[in-house]
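The residues making up each chain are set out below.
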Amino acid sequence: MAPRCSCSSFTLAPFLYPPLLAPRSIQVSRAALRPATQSRSSSTGKTVNDLPESRLNPAPDDYAAPRFADKAELTLYAGRGGNGCVSFLREAFMPDGPPNGGDGGTGGNIYIQAAHGETSLHKLSRRSFVRAGRGRHGQGSAKGGTRGEDVVITVPVGTIVRELERYDPAAEEDMNMKGDMSAEAFPKLPTRRRPLQQPEGPILLDLSRPTEQPILLATGGIGGLGNPHFTSRAHPRPMFATKGEEAVTMKIELELKLLADVGLVGLPNAGKSTLLRALTNSRTRVGAWAFTTLLPNIGTVVLDKYSGRPDVATKGGNARTRFSVADIPGLIEGAHLDHGLGVAFLRHVERAGVLAFVIDLSAGDAVKALDALWREVGLYAQMREDEERDREAASRIDWSLTDSPSGPRYDFHMDEVASASTSKPAARHIAGKPWFVVATKADLPETQENFRKLKSYLESITRGEAPHPSGVEKAWTKKCAAIPVSAINGQGVDRVVHWTVGLLDEGSGKTLSSPVTIMSR
Ligand SMILES: Nc1nc2c(ncn2[C@@H]2O[C@H](COP(=O)(O)OP(=O)(O)OP(=O)(O)O)[C@@H](O)[C@H]2O)c(=O)[nH]1
Ligand SMILES: [Mg+2]
């Protein structure tokens, strides 16, 4: 068929296919832009050492800024139920048929699930509320309303969920009848229950492992009843239905504690971020100055290269296909006294399965550096233990006033407080973790001797001849190893992966049996 107007297609052509009709000079100038943007990074951001620029030795401005948040507060609105419908059958020769209004649909529920792959709460921290879908209203011809859509909030493994506030309308609220019908006789209405029971509050969950099934937080409202439910001798044609139930509204707080399977701990400028780049696809910032990293970065080491078959043999039935690594800002001596960036970031490796101490072989005595790091980690753990003990002691204090001749006094159970302090050896939980040393910058000259000393020191710890560097009794000293690495050249990195998987497998037997701990309220 001939086009209705041939000239119109010609007029529209430049708008529909601009690249085809654009003059040649424009195309060339656009192509020329591409190398210009690429060359910008290499012209402005020279590498700080004289080595050639690469992914592992990037320019200081070649990085992806981490998006990280470890706290979020959300208001959850479960979906309210759809309203029942008032409707009557109408057919040919039957203008006044029986009532056939459908029931309203149930509102959507809100669940929470901890999943691997999520590393931060930044997406949730930007949202202030989460709303599930409302149930649809019932319709004529006895069509029930469809269910509202459920919402699953996905959070990183290690998130703690605390309920702050809740508004829960009664599960079987009074019917919102249209008009005053209290005196009227109605048939017995069906008991309407929520398909899922609203969990009792306040909710307090520690999602320390991935949850296979989403966990229910807020239940949607029940749908209203359609008019056929109200048919009776007194009301053969009821002109009323019920409204859908209001749903649960809840305010929750999310706090992320555990980020990764492996935590990198090291002095500033040791090469932690370069190691993370070498192990993973992370584009964390690298620079030859202290405190290049200001926020924790997470990378995932993929073991099976998405082939479905792991490259690294793992113990047990479930083959490990990946593990995550956390790079935190460097620690300096006195970090527990808030020197440098402090030890606050250690809480993100506190619950990691394995600690990897990254030590720069070219920056002086490696043994001293390892001791200094362990000292800071040990002191941090001690601080945490003290905090926990104080909290425990505070919860044990009986604040009730007791009558005594000398007047009222507060009854402190000091013996219980003392027993609490001695029941857990300080710093046990962090010093009891499997650990190893990644000795970086092994490509630099005159680092062999330093590495040899470090290795023999670690061997003596393993044999039990030297104490654990943290000074904690019964700390983990099974196979203290040092792996020489040149992260900038990607050398020795495979050995780090194999060693880590071995240690993770060893520790996996000790993990909690349940993915969710419902903490004490
Ligand atoms: N020669 C050599 N240089 C390295 C190696 N690893 C890292 N570097 C260099 O060491 C410097 C510091 O590296 P980063 O990875 O930023 O160190 P960092 O520990 O993350 O430092 P902070 O984030 O400040 O704590 C950079 O200039 C790197 O290029 C290595 O294996 N060999
Ligand atoms: Mg860094």
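Residues numbered from 1 in each chain as written. Chains lettered and ligands numbered in written order. Predicted model: local features only at pLDDT ≥ 70, side-chain atom pairs only at ≥ 80, totals over all residues. Heavy atoms only, no water.

We apply this condition: UniProt positions are given in the numbering used here, feature names are shortened, and annotations may be inferred rather than shown by experiment.
An unreviewed UniProt entry annotates the protein chain as Putative GTP-binding protein-like protein of Hapsidospora chrysogenum. Looking at the Sequence similarities (unreviewed entry) heading of the UniProt record, one finds this comment for the protein chain: "Belongs to the TRAFAC class OBG-HflX-like GTPase superfamily. OBG GTPase family."

### Re the sheet that holds strand β4 (residues 151-156)
Which entries qualify depends on this criterion: The rule for pairing is simple: two strands pair if DSSP sees at least two bridges between them. A run of H or I in DSSP counts as a helix once it spans at least four residues, and a run of E counts as a strand once it spans at least two, with each numbered from the N terminus. Fitting a line to C-alpha atoms yields each axis, with helices limited to the stretch in contact; the angle taken between N-to-C directions then spans 0 to 180 degrees.
Here three strands make up an open sheet; going across it, the order is β4-β2-β7 and the pairing mixed. Looking at strand neighbours, the two that pair on one side only are β4 and β7 (215-218), the edges of this open sheet. Each strand axis lies, on average, 35° off the axis of its neighbour in the sheet, ignoring direction. Alignment of strand β2 (residues 110-115) against β7, held across three bridges, turns out to be antiparallel.

### Overview of the environment of L254
Formally: Buried means the residue's accessible area, taken with a 1.4 Å probe over protein chains only, is under 20% of the maximum for its type, while exposed means over 50%, and partly exposed covers the values in between. Contacts are residue-level and defined by heavy atoms, with any inter-residue pair within 4.5 Å sufficient.
Note on placement: L254 falls in strand β8 (residues 249-256). You can call L254 buried: its relative accessible area is 0%. Not counting residues up to four positions away in its chain, the partners in contact with L254 are D70, K71, A72, L74, I112, L121, L124, V155, T159, I160 and V161.

### Some remarks on the sheet that holds strand β11 (residues 322-327)
If you walk across this open sheet you meet the six strands as β10-β11-β9-β12-β15-β16, and the pairing is mixed. At either margin of the open sheet sits one strand with a lone partner, and together these are β10 (297-302) and β16 (482-484). With direction set aside, neighbouring strand axes in the sheet form an average angle of 25°. Where strand β12 (residues 354-360) lies against strand β15 (residues 435-440), six bridges are found, and the strand directions are parallel. Looking across to β15, one finds that F357 is bridged to V437. Contacting β15 and β16, helix α9 (residues 448-463) runs over the sheet at an angle of about 175° to β15.

### Some thoughts on the coordination of the magnesium ion (ligand 2)
The condition is simple: Note: metal donors comprise N, O and S atoms at 2.8 Å or less from the metal (3.2 Å for Na, K and Ca); water molecules are not included, so apparent gaps in a site are possible.
With distances of 2.0 Å, the protein atoms coordinating the magnesium ion (ligand 2) are S273 (OG) and T293 (OG1). Taken together, the residues S273 in helix α5 (residues 272-279) and T293 in the loop between α5 and β10 connect sequence positions 20 residues apart. On the basis of relative accessible area, S273 is assigned to the buried category, the value being 9%. Owing to a relative accessible area of 10%, T293 belongs among the buried residues under this scheme.

### Thoughts on the nonpolar core
Put simply, the rule reads: Definition used in this section: a nonpolar core is a set of buried Ala, Val, Leu, Ile, Met, Phe, Trp, Tyr and Cys residues joined via side-chain atoms within 4.5 Å.
Counting residues in hydrophobic clusters, the biggest one holds 62 residues, and the most contacted among them are F357, L370 and W435. Counting residues per element, this core draws most heavily on helix α6 (residues 366-396), at nine residues.

### Quick word on the packing of aromatic side chains
This is how it is decided: Working definition: a ring pair exists when centres of Phe, Tyr or Trp rings (six-membered ring for Trp) sit within 6.5 Å. Plane angles under 30 degrees give stacked, over 60 give edge-to-face, the rest tilted. In our convention, an over-ring charge means Lys NZ or Arg CZ found within 6 Å of a ring centre and within 35 degrees of that ring's normal.
This model, assessed by the stated rule, comprises five aromatic pairs. The interplanar angle of 70° and the centroid separation of 6.2 Å between the aromatic rings of Y77 and F129 together place this pair among those described as edge-to-face. On the criterion of sequence distance, the pair formed by Y77 in strand β1 (residues 71-77) and F129 in strand β3 (residues 129-131) is long-range, its members being 52 residues apart. Among the residues examined, Y77 registers a relative accessible area of 28% and is labelled partly exposed. Joined through ring pairs, the aromatic side chains of F357, W374 and W435 make up one cluster. Taking the ring centre of Y77 as reference, the NZ or CZ of R131 above it sits at 4.5 Å. The ring centre of F88 lies 4.2 Å from the NZ or CZ of R237, which sits over that ring.

### Quick notes on the site of ligand 1
Test applied: Proximity is defined per residue: if any heavy atom of the residue lies within 4 Å of a molecule or strand, that residue is considered near it. Between N or O atoms, a polar contact is any pair within 3.5 Å; within protein, one atom must be a potential hydrogen donor and the other a potential acceptor, and residues adjacent in sequence are included only when both atoms are from side chains. Computed with the Shrake-Rupley method and a 1.4 Å probe, the accessible areas treat only the protein chains shown as cover for residues. Amino acid classes used here: Ala, Val, Leu, Ile, Met, Phe, Trp, Tyr, Cys and Pro are nonpolar; Asp, Glu, Lys and Arg are charged; the rest, including Gly, are polar.
Around ligand 1, the surrounding shell holds 25 residues, and the nearest of these are S273, T274, F291, T292 and T293. K441 places a polar side-chain atom, nitrogen or oxygen, 3.0 Å from an oxygen atom of ligand 1. Within the contact set of ligand 1, an oxygen atom lies 3.0 Å away from a backbone nitrogen or oxygen of A487. For ligand 1, the accessible surface in isolation is 650 Å², of which the surrounding protein chains cover 97%. For the shell around ligand 1, the per-class residue count stands at 11 nonpolar, 11 polar and three charged.

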